[in-house]
Amino acid sequence: MSFTIKQRQALRRKLDQSRVRTRETNGRQLSYIEGWYAISEANRIFGFDGWSRETLESKCVLARENRGMFTAVYTAKARITVWADGTAIIRDGHGTGEGWGNTAGEVHDTALKAAETDATKRALATFGSRFGLALYDRSSARSESQPSNQSATFNFQYAAARPRSQEANKENCAILPLGEAGRIDKSLLTIAAPKRIRNRAHLRYVATRPCLICGRHPSDAHHLKFAQPKALGLKVSDEYTVPLCRGHHRELHRFGNERNWWQIQKIDALAVAHELWTRTRQNLDLGKDASN
């Protein structure tokens, strides 16, 4: 059993860098390919009737409502089946997705679709670079312009009928990513725990800025509670802070719904916090103290 020569050539071809997208999550820049492109490539390489996808399982791991705003997080397991020379080649992938908004049904639907799409991309990535396999290499963060000296090899003969060995089962065991001092970096887990950076120098800098509402000095460095999921006894990361005078700071806390309060003020507080954090990071005199 084997793929055709044309299919092998397509699978070994490098990923077009124009198809790579990036986004910043919890202070880290992630590279990925979009779901529609992965499916389009599968149709082109395997044929429209040469492969299939199914969701094996899905689970809502978080559902939360706060003053009319809903949040949902789903996990999903997807299976890709490719037919090559009459044999079914099966690859599984796990993914996560989240959604938030003011309509519960739409939020859950968005989170579920995102999880299924993520799982599909991870399963397809096992077929090689054409589906963005190199983008999951966190250790080197290399790009196509900086290829590795060692090339990955793939066993294209992994079929559904092949029995799973003890060694194969080991491949599914979780490997916990370690950060500094040997501690587990929870931001790199499948369901990541957001990093909560602590930077006293940044807080002092924010406090020197005028109040966003009235322009008064001095200001408090207010943490935007909605910027990250709640955690027992932990504030959000210091990168999500904005300057507010003592009066408006108290007013915000009395109001309760922080998102609505900022909407009434017609201020994009997250954008302001990001700009202030960028300025701090660009200043070499202000270093990072710690992160939780």
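Check the entry above for the structure.
Residues numbered from 1 in each chain as written. Predicted model: local features only at pLDDT ≥ 70, side-chain atom pairs only at ≥ 80, totals over all residues. Heavy atoms only, no water.

Novice: Explain the pairing of strand β8 (residues 241-244) to me, using residue names and the numbers behind them.
Specialist: A two-sided burial pattern is seen for β8, the buried positions comprising Thr241 and Pro243 on one face and Val242 and Leu244 on the other. The sheet contact formed by strand β7 (residues 220-223) and β8 spans 4 bridges and is antiparallel. Bridge pairing in β8 places His223 opposite Thr241. (Buried < 20%, exposed > 50% of the residue type's maximum accessible area, 1.4 Å probe, protein only. Helix = DSSP H or I, 4+ residues; strand = E, 2+ residues; numbered from the N terminus. Pairing = 2+ DSSP bridges.)

Novice: So, the nonpolar core: which residues are in play, and what are the values?
Specialist: Counting 20 residues, the largest nonpolar core has Phe3, Phe46, Val82, Leu124, Phe127 and Phe131 as the members making the most contacts within it. Going through the elements one at a time, α1 (5-12), α2 (35-46), β4 (69-84) and α3 (104-125) are the ones with two or more residues in this core. It is α2 that contributes the most residues to this core, 5 residues altogether. Residues in contact with Val82, not counting those within four places in the same chain, are Phe3, Phe46, Gly50, Trp51, Thr87, Ala88, Ile89 and Phe127. (Core = buried A, V, L, I, M, F, W, Y, C linked by side-chain atoms within 4.5 Å. Contact = heavy atoms within 4.5 Å.)

Novice: Describe in detail the pattern of salt bridges, supporting the description with residues and values.
Specialist: Within the structure shown, the criterion is met by 10 salt bridges. In this structure, Glu41 engages Arg130 in a salt bridge whose closest nitrogen and oxygen atoms are separated by 2.8 Å. Of the two residues, Glu41 sits in helix α2 while Arg130 sits in the loop between α3 and α4 (166-170), which places them 89 residues apart along the sequence. There is no split in this pair, since Glu41 and Arg130 are both buried. Linking Asp118 and Arg122 is a salt bridge whose minimum nitrogen-to-oxygen distance equals 3.4 Å. Of this pair, Asp118 and Arg122 both sit in helix α3, separated by 4 residues, roughly a single helical turn. In this structure Asp118 comes out as buried when scored by relative accessible area, which is 15%. You can call Arg122 partly exposed: its relative accessible area is 33%. Here the residues in one salt-bridge network are Glu41, Arg44 and Arg130, joined through shared partners. (Salt bridge = Lys/Arg side-chain N within 4 Å of Asp/Glu carboxyl O.)

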